Amino acid sequence: VLLLLSLLGLAAAGKLLVVPVDGSHWLSMRELLDMLQQRGHEVVVVAPEVSLHIKPSKSFVMKMYPVPFTQEEMDEVFKGSIKDLFEEGPFLERVIRQYHQAKKTSALFLATCTHLIHNKDLMKYLEETKFDAVLTDPFLPCGQIVAEHLSLPSVYFLQQIPCGLEYQATQCPNPPSYVPRVFTELTDHMTFLQRVKNMIYHIPNFFLCDVVYQPYAELASEFLKREVTVPDLLRQASIWLMKLDFVLQFPKPLMPNMVLISGVNCAYKKLNQ
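Here is what the cut-offs are and how they apply
Residues numbered from 1 in each chain as written. Predicted model: local features only at pLDDT ≥ 70, side-chain atom pairs only at ≥ 80, totals over all residues. Heavy atoms only, no water. UniProt positions renumbered as here; feature names shortened; annotations may be inferred. Buried < 20%, exposed > 50% of the residue type's maximum accessible area, 1.4 Å probe, protein only. Helix = DSSP H or I, 4+ residues; strand = E, 2+ residues; numbered from the N terminus. Pairing = 2+ DSSP bridges. Right-handed = clockwise from strand over helix to strand, strands pointing away. Salt bridge = Lys/Arg side-chain N within 4 Å of Asp/Glu carboxyl O. Axes fitted to C-alpha atoms, helices over the stretch in contact; angles between N-to-C directions. Parallel < 35°, antiparallel > 145°, perpendicular 65-115°, else oblique. Contact = heavy atoms within 4.5 Å. Nonpolar A, V, L, I, M, F, W, Y, C, P; charged D, E, K, R; others polar.

Looking at an unreviewed UniProt entry, one finds the protein named glucuronosyltransferase and attributed to Sylvia borin. UniProt annotates the protein under Sequence similarities (unreviewed entry) with the comment "Belongs to the UDP-glycosyltransferase family." Among the UniProt annotations of the protein, the heading Subcellular location (unreviewed entry) holds the following wording: "Membrane".

What follows is about the pairing of strand 1 (residues 15-19). For strand 1, a buried count of four out of five residues is recorded, marking the element as mostly surrounded by other parts of the structure. The pairing of strand 1 with strand 2 (residues 42-48) spans four bridges and is parallel. In the strand pairing of strand 2, K15 is matched with E42. In this view, the connection linking strand 1 to its parallel neighbour strand 2 by way of helix 2 (residues 24-38) has right-handed handedness.

Moving on, we come to the pattern of salt bridges. Summed over all chains, the structure comprises three salt bridges. With a closest N to O distance of 2.7 Å, E148 and R226 form a salt bridge. Of the two residues, E148 is situated in helix 6 (residues 142-150) and R226 in the loop between helix 9 (204-224) and helix 10 (230-234); the sequence distance between them amounts to 78 residues. When its relative accessible area of 40% is taken as the criterion, R226 is described as partly exposed.

This next bit is on the packing of helix 8 (residues 192-202) against helix 9. In contact at an axis separation of 5 Å, helix 8 and helix 9 are set at 20° when each is read in the N-to-C sense. Relative to helix 9, the element helix 8 is oriented roughly parallel. Contacts between helix 8 and helix 9 involve I200, Y201 and H202 from the former and P204, N205 and F206 from the latter. The residue makeup of the contact of helix 8 with helix 9, split by class, is four nonpolar, two polar and no charged.

And the structure:
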């Protein structure tokens, strides 16, 4: 009986491949990996040699690969991105500023993904290792390209994706007359003119998304040897773990495999009296 129970305990644990997104996206995912390791799961993280926050840990095995930029170049791009994000100004000026910054940041992340999937030694290791699933942040679809190549189920861990791609990928309703768009400073209770404004603010998303995500569609099509779009990649997810909660976010439609797990990215501090 004890032997059978011990075997059941081993069967409950799995081997997880993690393809993270750097920056603040990694910080809450790292806490999740710590908990998975404590529960007996084997975690392997693939990450570039140059990163902001992704560092080795006792909680997981780290597999690193070279990239064609330096730490100084990466820091410079992210500092500019943060500065542009918090600078105020007219709507059109903010859109143009975000457009140019998105081109710089996306080029850096695209190079990171390209050097991952074309690293023959690393990909051979991933192909030969029997993983049960891929955990990734779909903010950038590199992890899903890897999951498709390895024919593995994928679990998404995210807050949101630019341009509402998570809704397009899951065919989840996301009407501009109901869900406020970025920069509008509107609530989910809008007048008719506010709904018109919300629709207008939604239009630039299509151009911004083409800049960031179209290169990933081309990279995936070339690597997977078939024509794919980014929504095609994203809709393969088994489950979407959304770092959202109706207490803090506007009410919005969700699909059955979109699970709200708000709180994982909050600091664990005791409140004073």
